[in-house]
Amino acid sequence: MKKFKWIVLILIALVALVIFVGMPYMKEQTKKNSPEITNSYTKNGMDLSINYSGPFKKDRIIFGELVPYDAVWRTGANEPTTFSTAKDIKIIDKTLAAGTYSFWTQPGKDSWKVIFNSEIPDWGVTILSGGKETTRNPETDVVVVEVPSEQTTTVQEQLSITFEDSEQLYLVLSWDRTRIEVPINE
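Residues numbered from 1 in each chain as written. Predicted model: local features only at pLDDT ≥ 70, side-chain atom pairs only at ≥ 80, totals over all residues. Heavy atoms only, no water.

Asks: Provide a residue-level description of the side chain of glutamine 106, including the pertinent values.
Replies: With respect to the helices and strands, glutamine 106 occurs in strand 6 (residues 99–107). If we ignore the near neighbours within four places in the chain, the residues touching glutamine 106 are Asp70, Ala71, Val72, Ser111, Trp112 and Lys113. (Helix = DSSP H or I, 4+ residues; strand = E, 2+ residues; numbered from the N terminus. Contact = heavy atoms within 4.5 Å.)

This is the structure:
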């Protein structure tokens, strides 16, 4: 019986070691390859930000291979990408209330679904699936819109999610030779 107690204590210690040392170390290491980036937009009474980890292309085929078509993607690396707004805004014609949301996409060859979700999971993908399955709960999607994608002539080496404002404000995602623009309105 004493031997069993020691085995249980050792297993508990190993689990605690993985949770409190291994996971933080793993997160730190992955951020070296996909650094955390925050882009903000504060103008015309809007206070917006997008926070994501930006992986690099590294001679890989991104869309259709690394990031499959027609499957929900956590849109970046490491923890899920988050989008924050200090006031109610419209994504195309759908209202997004002030708050912070997880930001997901479903890339397609010609268009992408863009998803704002009220839950922000810890990692965004399941470890057992090798990162292929997300932990997004579709029942907590707040806004889902579809935007066209375009192919560019130049390669964007690192995933970029920025705000671009000319006559219309856009949340712009570009990586490899693909670009999408998500219209944002007051």
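Once the structure has been displayed, the description carries forward.
Asks: Tell me what's going on with the nonpolar core, and back it up with residues and numbers.
Replies: Leu48, Phe83, Ile91, Phe116, Phe163, Leu171 and Ile184 are the most contacted members of the largest nonpolar core, which totals 31 residues. Every element with two or more residues in this core is listed here: strand 2 (46–53), strand 4 (89–91), strand 6, strand 7 (111–117), strand 8 (141–165) and strand 9 (169–185). With seven residues, strand 9 is the single largest residue contributor to this core. Once residues lying within four places of it in the same chain are set aside, the contact partners of leucine 48 are Asn39, Ser40, Tyr41, Phe83, Ser84, Thr85, Ile89, Phe163, Leu169 and Ile184. (Core = buried A, V, L, I, M, F, W, Y, C linked by side-chain atoms within 4.5 Å. Buried < 20%, exposed > 50% of the residue type's maximum accessible area, 1.4 Å probe, protein only.)

Asks: Describe the sheet that holds strand 2, listing the residues and the values that go with them.
Replies: If you walk across this open sheet you meet the nine strands as 1-2-3-6-7-8-9-4-5, and the pairing is antiparallel. Strands with a single pairing partner mark the edges of an open sheet, and in this sheet they are strand 1 (36–43) and strand 5 (94–96). Neighbour to neighbour, the strand axes of the sheet diverge by 35 degrees on average, direction disregarded. (Pairing = 2+ DSSP bridges. Axes fitted to C-alpha atoms, helices over the stretch in contact; angles between N-to-C directions.)

Asks: Got a sec to walk through the packing of aromatic side chains? Specific residues and values, please.
Replies: Scanning all chains against the criterion turns up nine aromatic pairs. Measuring from ring centre to ring centre gives 6.3 Å for tryptophan 73 and tryptophan 112, while their planes differ by 75 degrees; the resulting arrangement is edge-to-face. Of this pair, tryptophan 73 sits in the loop between strand 2 and strand 3 (81–85) while tryptophan 112 sits in strand 7; the two residues are 39 residues apart in sequence, bridging distant segments of the chain. The exposure classification of tryptophan 73 matches that of tryptophan 112, with both residues buried. Seen from their ring centres, tryptophan 73 and tryptophan 175 are 6.0 Å apart, and the 10 degrees between their planes marks the pair as stacked. Of this pair, tryptophan 73 sits in the loop between strand 2 and strand 3 while tryptophan 175 sits in strand 9, and the two are 102 residues apart along the sequence. Ring-pair connections join several aromatic residues into one group, and the members of that group are Tyr41, Phe83, Phe103, Phe116 and Phe163. (Phe/Tyr/Trp six-rings, centres within 6.5 Å; stacked < 30°, edge-to-face > 60°.)

Asks: Which residues make up the pairing of strand 7, and what are the values?
Replies: For strand 7, the buried fraction is high: five of the seven residues fall into the buried class. Across six bridges, the pairing between strand 6 and strand 7 is antiparallel. Looking at strand 7, one finds that tryptophan 104 is bridged to isoleucine 115. Hairpin connection from strand 6 to strand 7: three residues lie between these consecutive antiparallel strands. Examined bridge by bridge, strand 7 and strand 8 share seven bridges and lie antiparallel to one another.

What is shown is where atoms sit, not what they do.
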